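Residues per chain, in single letters:
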Amino acid sequence: MAIVLVAVLVLALVAATWAVRRSFPQTEGEITVPGLESEVTVYRDERGVPQIYADNSEDLFYAQGFVHAQDRFFEMDFRRHVTAGRTAELFGEEAVETDSFVRTLGWREVAEREIAMLDADTRRYLEAYADGVNAYIGDRGPSQLSLEYVVLGLGGLDYSPEEWTPVDSLAWLKAMAWDLRSDMEDEIDRVLATQTLEPEQVARLYPDYPFGRHPPIVTSGAVVDGVFEQEATQNTTRQPRRAVLSPAVVSALRGVAAVSNRLPSLLGTGSGLGSNAWAVSGERTSTGLPLLANDPHLAPSIPGIWYQMGLHCTTVDADCPFDVSGFTFSGLPGVVIGHNDTIAWGFTNLGADVADLYVEDVRGDSYRYKGRFRPVRQRRERIRVAGGEDVRITVRSTRHGPLISDVNDELSDVAELGEDVATERVSGGRRGLRGDAAIALRWTALEPGRTADALFMMNTARSWDEFRRAARYFDVPAQNLVYADVDGRIGYQAPGRIPIRRSGNGDWPVPGWDPAYEWADQPVPFDALPNVLDPPEGYVVTANQAVIGKDYPYYLGSAFARGYRSQRIAELIRDDLSLTPEDMTQIQLDAQNGNAETLVPYLLDLNIDAAYVREGQQVLEDWDMNQSSGSAGAAFFNVVWTNVLEKTFHDQLPEEVWPDGGDRWFDVVRKLLNRPHAQWWDDARTGFVETRDDILIEAMQEARHEITRLQARDPELWSWGHLHRLELVHQSLGRSGIGPIEWLFNRGPFGVGGGDSMVNATGWDATEGYDVNWVPSMRMVVSLDDLDESHWINLTGASGHVFNARYSDQSELWREGETTPWAFSPEAVRETAVDELRLVPAG
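Residues numbered from 1 in each chain as written. Predicted model: local features only at pLDDT ≥ 70, side-chain atom pairs only at ≥ 80, totals over all residues. Heavy atoms only, no water.

Novice: Even after reading the chapter, I still don't get empty space enclosed by the protein, so can you show me in this structure?
Specialist: Unoccupied space between atoms shows up once a probe the size of one water molecule is rolled over them. Under the definition given, this model contains eight cavities of 30 Å³ or more. The space that makes up the largest cavity amounts to roughly 140 Å³. Along the wall of the largest cavity there are 15 residues; nearest its centre are L180, W306, I337, F347 and Q479. Those elements that provide at least two residues to the lining of the largest cavity are β6 (274–280), β7 (291–298) and β11 (343–349). When its residues are assigned to classes, the lining of the largest cavity shows eleven nonpolar, four polar and no charged. Taken as a whole, the second largest cavity spans an internal volume of roughly 100 Å³. Taken together, 14 residues line the second largest cavity, and the ones lying closest to its centre are F74, E75, E148, P303 and H730. In terms of residue count, helix α2 (residues 57–83) provides more of the lining of the second largest cavity than any other element does, six residues in total. (1 Å grid on protein atoms, 1.4 Å probe; cavity = no way out; pocket = protein on both sides within 12 Å on 5 of 7 lines; lining within 4 Å. Points joined across faces, edges and corners; volume = space filled by probe spheres on them. Helix = DSSP H or I, 4+ residues; strand = E, 2+ residues; numbered from the N terminus. Nonpolar A, V, L, I, M, F, W, Y, C, P; charged D, E, K, R; others polar.)

Novice: Looking at this structure, I do not really get the layout of surface pockets. What am I missing?
Specialist: Put simply, the second largest pocket is a space of about 410 Å³. Surrounding the second largest pocket, 23 residues form its lining, R377, S397, G401, P402 and L446 being those nearest its centre. Sorting the residues of the lining of the second largest pocket by element identifies α4 (96–105), α5 (107–114), β15 (377–383), β16 (391–398), β17 (401–402) and β18 (436–443) as the ones contributing at least two each. Of the residues that constitute the lining of the second largest pocket, the class distribution is seven nonpolar, seven polar and nine charged.

Novice: What should I look at first to understand the state of the cysteines in this one?
Specialist: Each disulfide consists of a covalent bond between the sulfur atoms of two cysteine residues. Overall, the coordinates contain one disulfide when judged by the stated rule. Across the disulfide from C313 sits C320; the S-S distance is 2.0 Å. On the sign convention where negative is left-handed, the bridge of C313 and C320, at about -80 degrees about the S-S bond, is left-handed. Looking at C313, the relative accessible area reads 5%, which means it is buried. (Disulfide = S-S within 2.5 Å. Buried < 20%, exposed > 50% of the residue type's maximum accessible area, 1.4 Å probe, protein only.)

Novice: I keep staring at the packing of helix α20 (residues 611–622) against helix α21 (residues 632–649) and nothing clicks. Help me out?
Specialist: Angle between the axes and distance between the axes: these two values describe a pair of packed helices. Interhelical geometry of α20 versus α21 gives an angle of 120 degrees and a closest axis separation of 9 Å. Judged by the angle between their axes, α20 and α21 are oblique. Of the two elements, α20 crosses α21, and the hand of that crossing is left-handed. Along its contact with α20, which presents G616, Q617, V619 and L620, the element α21 presents A632, G633, F636 and F637. Taken together, the residues of the contact of α20 with α21 break down into five nonpolar, three polar and no charged. (Axes fitted to C-alpha atoms, helices over the stretch in contact; angles between N-to-C directions. Parallel < 35°, antiparallel > 145°, perpendicular 65-115°, else oblique. Left-handed = near helix turned anticlockwise from the far one by under 90°. Contact = heavy atoms within 4.5 Å.)

Novice: How should I be thinking about the sheet that holds β17 in this particular structure?
Specialist: Within a sheet, adjacent strands bond to each other through the backbone by hydrogen bonds, running parallel or antiparallel. A sheet is described by the order of its strands in space; here three strands give the open sequence β15-β16-β17, paired in antiparallel fashion. Whereas interior strands pair on both sides, the edge strands pair on one side only; in this sheet they are β15 and β17. Here β15 pairs with β16 via seven bridges, running antiparallel. By the bridge assignment for β16, R380 is matched with T394. Together, β15, β16 and β17 form the strand contacts of α4, whose direction differs from that of β15 by roughly 145 degrees. (Pairing = 2+ DSSP bridges.)

Novice: Help me understand the sheet that holds strand β30 (residues 835–841) in this model?
Specialist: Taken together, eleven strands build an open sheet; the order of strands is β1-β30-β2-β3-β8-β9-β10-β11-β19-β20-β22 and the sheet is mixed. Strand pairing shows two members of the sheet lacking a second neighbour, β1 (29–33) and β22 (531–533), which therefore form its edges. Across the sheet, the axes of successive neighbouring strands diverge by a mean angle of 15 degrees, strand direction being ignored. Note that strand β2 (residues 40–44) and strand β3 (residues 50–54) share four bridges and pair antiparallel. Looking at the pairing, Y43 lines up with Q51 of β3. Set on the sheet, helix α15 (residues 451–460) makes contact with β9 (323–328), β10 (337–340), β11 and β19 (479–485); between it and β11 the angle comes to about 145 degrees.

Novice: Sorry, what's going on with the pairing of strand β14 (residues 372–375) here?
Specialist: For a regular strand, side chains alternate in direction, first toward one face of the sheet and then toward the other. As defined by bridge partners, strand β13 (residues 366–369) adjoins β14 across four bridges and the pair is classed as antiparallel. Each residue of the ladder has a partner; that of R368, found in β14, is F373. From the end of β13 to the start of β14, which pair antiparallel, there are two residues, and K370 there has a positive phi angle of about 55 degrees.

In structure tokens, the structure reads:
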């Protein structure tokens, strides 16, 4: 019996190993594929990062699609199910609500309309990419593509992937835009806060950007005759003045927020979403030529959001102009962030306000606009459900956009704004709500655009002018673009389709029946958007701070980061006139806490009686305000900060808008610290009137108890990394609730340093605990003196196949702040290659 048991276990192990390894791709030797014109070579380094060489552009993108599918097809397939509102086909009834929301938004429908707008070359590249994906998946069953299909099959799913199409790639751009859409949540939260606060009190929770302390990205220039000029000092173009809108909508939009938050987040959510990107001129580097750094802050996942890759034409000419390397998205051809043989570029989220919520006055199948009722546009959608009956929904929309309050009964209830809206005076006395209320979303990404054209144009740009020409078509999501080139130039460009509002500024929902709140026919002109070339400071820094000063004539938004990261990066750059690539990486790892610099002096001034609590106070006194993983001071400070927020605001705010602890709250509390008797300090839940020092003492006391429960009584045993833990969670199966499956696909948790609104931005939400919920999803530093001296790191690894050696092999390096060499020249690529695969045309 023992022999039989051992034999069974061995057979089970062999079967499991076979199932896992069956989907591993071939990375060396030769594969014959249909559809290629010429042979393609794929070199992979020790991390499995591919560099592709082809004789023509179509073969190059065919091979990119083939290689993406080799390593990441399940990720690609999952993404296209999300962007098409089809996840219920894989995961059953629980996914119907989010599918309904995506169908209502109509991402895929917009992508289908975009195809015809794109340049002919872009369409050819998208088609070639799709052909490459289909060549890989064509003769393989689901179990040969990825282990996830095996796991889903064990649950009863009978599924075979469909062929890839160009629309699948374009729809991914809509998901990017959704996760980076800026302040729609703030618009909802302002309304939710008015349940317990007056509008003037809500305004204090959204303080103006601190231009005096933290400069914007572009510090000079003005719009002259419709064109932004770097040297100009006075604007001669003015946006039409907007009327001041007092908030008309004062009831909850709780359901809208709840459903949108349940949508699978492909890039991430939260106040920390953004990035750091900066370029330094040769005047400040050891080589005499620029350096460029970028680290986008996105939600952690495994596999990571990015895929490293190089795309090289064997002969670079007009017919095959690509010689580019960097970070790609599986499912999308081209390089998103990186460099070619002449220029380098990086992105951060611009934070432009590109979405508005309209309160629509609906009566049956009609809605009111300009005093009369008009027909609501409708379309029917069928959602197929794994293991269940199909679900049919009706998607309704007005002139402003889809009625997102139709998604479920909860949202419909939320949209009932009550008699106060009906009697609210808006826009010169026009009458308010007459029928039922519904919420429509107007969002620039729901209009077809040419962002795909822009990406390919950036890949082949070889000068500042060509780079700006590409940026002109970068419609959504609006990003800060940072630039450097081998000729020594550095620059910045703000792109994007940014609306001009005839009234209001997009901070609050507006009455859809009133034409005063329409957008202008054209967005902010590209030529008027801020840009700078070779700034006199010798550097340009973007970290999601305000783009330009208050005198700029167009309204870009208000949901900018507060400038703590950008200010710190600029300080570190100014201190050094001989920066190296290694110095740039060290700046990326900086974890100085700007909030602590404000709050800690007040905490140290407190007169605390209990010696037990004074031990924590002593830890703060000895702390250098750096949030390394091993820091006891960082651990205690962040627990104190959480308690300060709880005791100051939870009694006066609805739970949905409790402070997440991000940098907006840094500035809210900063202002309150100078007002020790402000009503915010009084805890309405007690019978006493508390002041600032009362609340700070209580926060210190509770923090001392909390950290003792979570870690130890002895402060010598405290560490920030023990609280601040990162788990890499598989996007689709990682929260299945089934332990063995989660163990199979997830990695971690492990402690990390950094924190919210620091350069090393490992964010967390004070309402949920101290676990990490966004990270630098990759780090790169490009040396324009010698591109082979550049370096990079990914959060996880090249492979999406669990237990593949490249599944998470970069994670520990990333955690330790290390990077890997980034070979670019043909000689360096061949020298570092460990695998060589040839794709050979059939026949």
